[in-house]
Amino acid sequence: AEAEAAAEAEAAAEAESEAEKDAAFEAMFTGLDGGSASGFGALQPPKLPLIGAIAETFFVSGEDAAVSDSVLKKVNFMHKANHGGYRVPEGVEDTEHGVGALTAALKGFPMPYDFQAVGRASSTAQREEFVRTVVAVVAEHSGTVPEEAVSVRERMGGKFVSVTVQQQVQSVGQINSVLQELKGMPQVLMNW
C-alpha cells in the first residue's frame, strides 16, 4: 500500500509539473491583450503596442559582429519599406517588382540623380560615341543635360569608359525610363 501511495504521489507531482510547464508555455504565446493561445494552431506572436499606427522594429549591431551605421540604416529602411512602413507616393506603381515605391518613399522629388553607365571603348571615337549616347538617353527622358553635369572616366587602361550624368529628375518614372533604355542597349555593359 505504501509503494502504491508513493507511486500515486509521484504521478500527481509529475502531472502538476506538466501542468505548470503547459501554463508557462501558453503564457509565452499569449498576446498582450490577454487573448488565449491554446493549441499549436493558435500560436501567434504577441501583439506589439502601436506607434503611430504601425508597430516598428529595427535592427541594431551587436558588439561581437559590429555592422556599420550606414549598413544598418539601409537594412532598417528596406525592412520598414518591406513591412508597409512607407506610404506609396501618388503616381507610383506599388508592385513587388519595382523599386519605385521604395525610391519615392525614401527620397523626395524633384531631386538630383546620378545616372551611370559603363561600356567598351577601345578608341577615342568609340568613347565619344558612347558618351553622346548615354547623355542623349538621359536628356530624352529628363530634359536638357548641362555639359558640366557629365563626367567621363576611362577604366581598365582605356578598354572601358564610365559615364556619370547628374540630372534633376521629377519622378521615379523618369529614373526607371532612363535605366530601362540604357539596360536595353547592347553597348551598355552596366548601368545604375
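Up top is the structure these notes are about.
Rules used in this analysis
- Residues numbered from 1 in each chain as written.
- Predicted model: local features only at pLDDT ≥ 70, side-chain atom pairs only at ≥ 80, totals over all residues.
- Heavy atoms only, no water.
- Pairing = 2+ DSSP bridges.
- Helix = DSSP H or I, 4+ residues; strand = E, 2+ residues; numbered from the N terminus.
- Expected span 1.5 Å × (residues − 1).
- Buried < 20%, exposed > 50% of the residue type's maximum accessible area, 1.4 Å probe, protein only.
- Arc of directions from axis to C-beta.
- Polar contact = N/O pair within 3.5 Å; in protein donor to acceptor, adjacent residues only side chain to side chain.
- Axes fitted to C-alpha atoms, helices over the stretch in contact; angles between N-to-C directions.
- Contact = heavy atoms within 4.5 Å.
- Patch = residues over 30% accessible without salt bridge, like charges linked within 9 Å, V, L, I, M, F, W, Y side chains within 5 Å.
- Areas by Shrake-Rupley, 256 points an atom, 1.4 Å probe, with all protein chains shown as cover.
- Salt bridge = Lys/Arg side-chain N within 4 Å of Asp/Glu carboxyl O.
- Parallel < 35°, antiparallel > 145°, perpendicular 65-115°, else oblique.
- Left-handed = near helix turned anticlockwise from the far one by under 90°.

A.B. asks: Could you clarify how one ought to interpret the pairing of strand S1 (residues 111-120) in this entry?
C.D. replies: The two faces of the sheet receive side chains in turn, since in a regular strand these alternate between them. Examined bridge by bridge, S1 and strand S3 (residues 160-169) share 10 bridges and lie antiparallel to one another. Counterpart to Phe115 in the pairing with S3 is Val165. Where S1 meets strand S4 (residues 188-191), three bridges bridge the pair, whose relative direction is antiparallel. By the bridge assignment for S4, Gly119 is matched with Val188.

A.B. asks: Hey, could you run me through helix H5 (residues 172-183) in this one?
C.D. replies: Counting along an α-helix, one turn takes 3.6 residues, and residues three or four places apart therefore face a common direction. Helix length check: H5, at 12 residues, gives a terminal C-alpha distance of 16 Å against a target of 16 Å (1.5 Å per residue), a fit within 8%. All buried positions along H5 are accounted for by Val172, Gln174, Ile175, Val178, Leu179 and Leu182. Buried residues in H5, looked at end-on, bunch into an arc of 165°, giving them a common side. By the N-cap criterion, in which a side-chain oxygen at the helix start approaches the backbone nitrogen of a residue two or three places on, H5 is capped by Ser171, the distance to Gly173 being 3.3 Å.

A.B. asks: Would you mind showing me how to read the sheet that holds S3 here?
C.D. replies: The strands making up a sheet associate through hydrogen bonds between their backbones, and the pairing can be parallel or antiparallel. With antiparallel pairing, the four strands of this open sheet are ordered in space as S2-S3-S1-S4. One side of each edge strand has no neighbouring strand; the edge strands of this open sheet are strand S2 (150-155) and S4. For this sheet, the mean inter-axis angle between neighbouring strands, taken without regard to orientation, is 25°. Contacting S1, S2, S3 and S4, helix H4 (residues 124-142) runs over the sheet at an angle of about 20° to S3.

A.B. asks: How should I be thinking about a nonpolar patch on the surface in this particular structure?
C.D. replies: On the surface, Leu189, Met190 and Trp192 cluster together into a nonpolar patch covering about 310 Å² of accessible area. Note on placement: Met190 falls in strand S4.

A.B. asks: Explanation requested: the packing of H4 against H5 in the structure shown.
C.D. replies: A pair of packed helices is characterised by two quantities: the angle between their axes and the separation of those axes. In contact at an axis separation of 9 Å, H4 and H5 are set at 150° when each is read in the N-to-C sense. Taken together, the axes of H4 and H5 lie roughly antiparallel to each other. Regarding H4 and H5, the two cross each other, and that crossing is right-handed. Together, Val134, Val137, Val138, Glu140, His141 and Ser142 of H4 and Gln174, Ser177, Val178, Glu181 and Leu182 of H5 make up the contact between the two elements.

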